[in-house]
Amino acid sequence: TYLATSNNQAEALRLKGSTYFRLGLLKQAKDQYLLAHQYELNTVQKAKILLDIAEISIMKGEYNDVIKTLNKLENRDWIPGDRASNSIRCLDLYLSIAAKYMLNQNIKDEQATLEEYTKTNTLTGWSYTTFDKWIDREDNGLSHSQKKFLSSLTASMKNRTRSY
């Protein structure tokens with residue numbers, strides 16, 4: 001989940017969604033993030049909200065919704081030197097890989113791109129805590145191999161992320 005950075009109406013809704021998310025109330029969290037996306041004007045913040053929605057959708061088993069949500073991102077290009085955009089792009093790839101793996105789709109190209117992007121760049125502002133706890137839960141509906149894959153993918157992202 002992205003960490004809070006502004007104090008407008010959309011941010012208030014994001015914070016409410018984040019609280020629901022941490023409490024495991026995924027439907028309520030997603031509803032708040034969807035409202036926040038409607039109010040947000042800043043394109044970077046809109047992208048962060050979409051990433052939050054995609055993460056929740058994975059946890060709800062709505063893997064096709066993840067792909068649809070990520071396709072709404074306005075700028076999916078790598079921009080040298082633009083840390084915010086590049087963090088968003090890496091997280092876009094991370095969540096896309098997770099969803100496509102769950103859908104048994106080909107992820108090799110995206111994995112290679114993510115590996116290339118993250119070799120020289122540190123991601124910022126993303127927390128994996130709730131997602132990690134969800135992966136470890138017994139009642140999440142994941143098979144052993146799915147848990148293993150998501151844990152490994154998430155661990156590699158955590159090693160490249162600096163939270164604040």
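I will try to describe carefully the structure that is included in this document. (Residues numbered from 1 in each chain as written. Predicted model: local features only at pLDDT ≥ 70, side-chain atom pairs only at ≥ 80, totals over all residues. Heavy atoms only, no water.)

### Here's the deal with the packing of aromatic side chains
What the rule picks out here adds up to 5 aromatic pairs. With 5.8 Å between their ring centres and 80° between their planes, Tyr94 and Tyr128 make a pair best called edge-to-face. Of this pair, Tyr94 sits in helix α5 (residues 83–102) while Tyr128 sits in the loop between β1 (123–124) and α7 (129–136), and the two are 34 residues apart along the sequence. For the residue pair Tyr94 and Tyr128, the accessibility class agrees, reading buried in each case. (Phe/Tyr/Trp six-rings, centres within 6.5 Å; stacked < 30°, edge-to-face > 60°. Helix = DSSP H or I, 4+ residues; strand = E, 2+ residues; numbered from the N terminus. Buried < 20%, exposed > 50% of the residue type's maximum accessible area, 1.4 Å probe, protein only.)

### Some thoughts on the pattern of salt bridges
Throughout the structure, instances matching the rule amount to 12 salt bridges. Among the ionic pairs, Glu11 bridges to Arg14, the shortest N-O distance being 2.7 Å. With a gap of 3 residues between them, Glu11 and Arg14 both fall in helix α1 (residues 9–22), about one helical turn apart. The class of Glu11 is buried, set by a relative accessible area of 2%. Each of Lys30, Lys60, Glu62 and Asp65 takes part in salt bridges that share partners, so that together they form one network. (Salt bridge = Lys/Arg side-chain N within 4 Å of Asp/Glu carboxyl O.)

### Considering the side chain of Thr154
As for its placement among the helices and strands, Thr154 is situated in helix α8 (residues 144–158). A residue is classified by how much of its surface remains accessible, and Thr154, at 0% relative accessible area, is buried. At 2.8 Å, the side chain of Thr154 forms a polar contact with the side chain of Tyr94. Not counting residues up to four positions away in its chain, the partners in contact with Thr154 are Tyr94, Tyr128, Phe131, Asp132 and Ile135. (Polar contact = N/O pair within 3.5 Å; in protein donor to acceptor, adjacent residues only side chain to side chain. Contact = heavy atoms within 4.5 Å.)

### Quick word on unusual backbone geometry
One non-glycine residue, Asn104, lies in the positive phi region at around 60°. Summarising the element assignment, Asn104 is placed in the loop between α5 and α6 (108–119). The class for Asn104 is exposed, based on a relative accessible area of 72%.

### Considering helix α3 (residues 43–59)
Over its 17 residues, α3 runs 25 Å from end to end, which matches the ideal 24 Å to within 8%, given 1.5 Å per residue. Counting buried residues in α3 gives 15 out of 17 residues, a clear majority hidden from the surface. One or two positions beyond α3, positive phi appears at Gly61, with a value near 80°. (Expected span 1.5 Å × (residues − 1).)

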